[in-house]
Amino acid sequence: MELKAYLKQHRQTIDQALEDLLPDKKLRPTQLHEAMHYSVFAGGKRIRPILMMAACQAAGGTIEDVIPTACAMEMIHTYSLIHDDLPAMDDDDFRRGQPTNHKIFGDATAILAGDALLTEAFVVLSAQQNNKNISAETQRRVIEIIARAAGATGMVGGQIVDMESEGTQPDLATVDYIHTHKTGALILASIQAGALLGGADEETFTALSSFGKSAGLAFQIADDILDIVGDQQQLGKDIGSDQERGKATYPAVLGLNESKRRASELHQQALDIISPLGDAAEPLRQISGYIINRSS
Ligand code: GRG
């Protein structure tokens, strides 16, 4: 399997499905729809949807069955980035190499575009009655997993602890909390949703969930490391901003080398956990390696 081709092909599948699922830009309210399109198509890696597809495959399922759910996840992720960039939060000017949503559309429209993306995601999630491969109970479970991961005890919870910790000297437990909630929760939920929609039995679901926890934390540690050693142009955003803002990061608590060691250790753990899943899990293995070695 060639990872680059796999990522490109699956990214294109998601981009096309997102085009079909998002409200038409020309429809009223056009300003809102344009703002939603702007950030969704500003060039994200689509790593959460791709992880969902790969987890579905690892569980023996059909990728087509996860596409709407994978798009809903990307809509939730994009809303979180739009809100995170606002002046009231990180106040960032660039995201995905483009001016941030509020820089183009203004704060109020950016807030509403985020709100609408989050809400439309649940329209997409709850509107899948026609797929005969997915039972209503599986769909309900997937919606609950995603809602919890996005909410107060998931991503939003991680975000507020992150904000509260700025400029403090956080301990490792607090950094772990921030990372596993702010970033890890949606990654774990993507993998769990893929597993369930792919028909995973309880044993496979448990293995893929453990994989998701390790991969989610590794993703955020890699993000912390990139903020120090990354290339601004490849990342599409300013580097060094974590340190400038006194953010609670792994390198701030453990140093750069120990952070790199932890990311590799988590990758190895993730590989060990899914070794019983054989060839079907090969995309997940390679994506786990990409997560810690990526340059953007
Ligand atoms: C505002 C509720 C709320 C939550 C914000 C996601 C998030 C929580 C904050 C973003 C801050 C940040 C840079 C976190 C680091 C990890 C992360 C989510 C990076 C961006 O995700 P990628 O790398 O981005 O998947 P692309 O652009 O490829 O989709």
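Whatever comes next refers back to the structure up there.
Student: Please clarify how the overall build of the protein should be interpreted in this entry.
Tutor: Looking only at helices and strands, the protein features 15 helices and two strands. Expressed along its principal axes, the backbone C-alpha trace of the protein runs to roughly 50 × 50 × 35 Å. Across the protein, every contact between residues at least 6 apart in sequence was considered, and the portion connecting residues at least 24 apart equals 72%. Positive and negative charge centroids in the protein, built from 26 and 40 side chains respectively, lie 3 Å apart.

Student: Which parts of the structure should I look at to understand the site of the ligand?
Tutor: Neighbouring the ligand are 22 residues; Lys-45, Arg-48, His-77, Arg-96 and Gln-220 lie closest to it. Side-chain polar atom of Lys-45 to an oxygen atom of the ligand: 2.5 Å apart, as the coordinates give it. Contacts to the ligand include Arg-48, whose side-chain N or O atom sits 2.8 Å from an oxygen atom. The cavity that encloses the ligand is the largest pocket.

Student: What is the right way to read the nonpolar core from this model?
Tutor: Taken as a class, soluble globular proteins show a tendency for nonpolar side chains to be buried jointly. Ranked by size, the top nonpolar core spans 81 residues in total, and within it Leu-51, Ile-76, Leu-117, Leu-208, Leu-284, Ile-287 and Ile-291 carry the most contacts. Sequence-distant contacts of Leu-284, defined by excluding residues within four places in its chain, comprise Leu-51, Ala-54, Ala-55, Ala-58, Leu-208, Phe-211 and Ile-274.

Student: Sorry if this is basic, but what is going on with unusual backbone geometry here?
Tutor: The omega torsion across Arg-28 and Pro-29 is 0 degrees, close enough to zero to call that bond cis. A positive phi angle, close to 60 degrees, is found at Arg-46, a residue other than glycine. If you trace the backbone, Arg-46 turns up in the loop between helix H2 (30-40) and helix H3 (47-58). Its identity as a non-glycine residue notwithstanding, Arg-96 has a phi of 55 degrees, on the positive side. The residue Arg-96 is located in the loop between strand E1 (94-95) and strand E2 (98-99) in this model.

Student: It is not clear to me how the layout of surface pockets should be interpreted in this structure. Could you clarify?
Tutor: Reported here for the largest pocket is a volume of approximately 1100 Å³. Elements with a minimum of two residues in the lining of the largest pocket: H3, helix H4 (67-85), E1, helix H8 (155-165), helix H9 (172-197), helix H10 (202-229), helix H11 (232-235) and helix H12 (241-245). For the lining of the largest pocket, the residue count by class is 13 nonpolar, 15 polar and 21 charged. By volume, the second largest pocket amounts to about 290 Å³. The wall of the second largest pocket is formed by 15 residues, among which Thr-180, Gly-184, Ala-185, Leu-188 and Lys-213 lie closest to the centre. Elements that contribute at least two residues to the lining of the second largest pocket include exactly helix H7 (136-150), H9 and H10. Among the elements that take part in the lining of the second largest pocket, H9 stands out by supplying seven residues, more than any other.

Student: Explanation requested: the side chain of Gln-220 in the structure shown.
Tutor: Relative to the assigned elements, Gln-220 resides in helix H10. Gln-220 has contacts with His-179, Lys-182 and Thr-183, leaving out every residue within four places of it along the chain.

Student: Got a minute to help me understand the packing of H10 against helix H15 (residues 282-293) in this structure?
Tutor: When two helices pack together, their arrangement is given by the angle between their axes and by how far apart the axes lie. It is at 8 Å that the axes of H10 and H15 come closest, and there the two elements cross at 20 degrees. Regarding the angle of H10 to H15, the classification is roughly parallel. Taken as a pair, H10 and H15 cross one another with a handedness that is left-handed. Along its contact with H10, which presents Leu-208, Phe-211, Ala-215, Ala-218, Phe-219 and Ala-222, the element H15 presents Leu-284, Ser-288, Ile-291 and Ile-292.

Conventions used here
Residues numbered from 1 in each chain as written. Predicted model: local features only at pLDDT ≥ 70, side-chain atom pairs only at ≥ 80, totals over all residues. Heavy atoms only, no water. Helix = DSSP H or I, 4+ residues; strand = E, 2+ residues; numbered from the N terminus. Contact = heavy atoms within 4.5 Å. Lys, Arg positive; Asp, Glu negative; His and termini not counted. Charge placed at Lys NZ, Arg CZ, Asp CG, Glu CD. Near = heavy atom within 4 Å. Polar contact = N/O pair within 3.5 Å; in protein donor to acceptor, adjacent residues only side chain to side chain. 1 Å grid on protein atoms, 1.4 Å probe; cavity = no way out; pocket = protein on both sides within 12 Å on 5 of 7 lines; lining within 4 Å. Sits in = over half its atoms within 2 Å of the grid points. Core = buried A, V, L, I, M, F, W, Y, C linked by side-chain atoms within 4.5 Å. Buried < 20%, exposed > 50% of the residue type's maximum accessible area, 1.4 Å probe, protein only. Points joined across faces, edges and corners; volume = space filled by probe spheres on them. Nonpolar A, V, L, I, M, F, W, Y, C, P; charged D, E, K, R; others polar. Axes fitted to C-alpha atoms, helices over the stretch in contact; angles between N-to-C directions. Parallel < 35°, antiparallel > 145°, perpendicular 65-115°, else oblique. Left-handed = near helix turned anticlockwise from the far one by under 90°.

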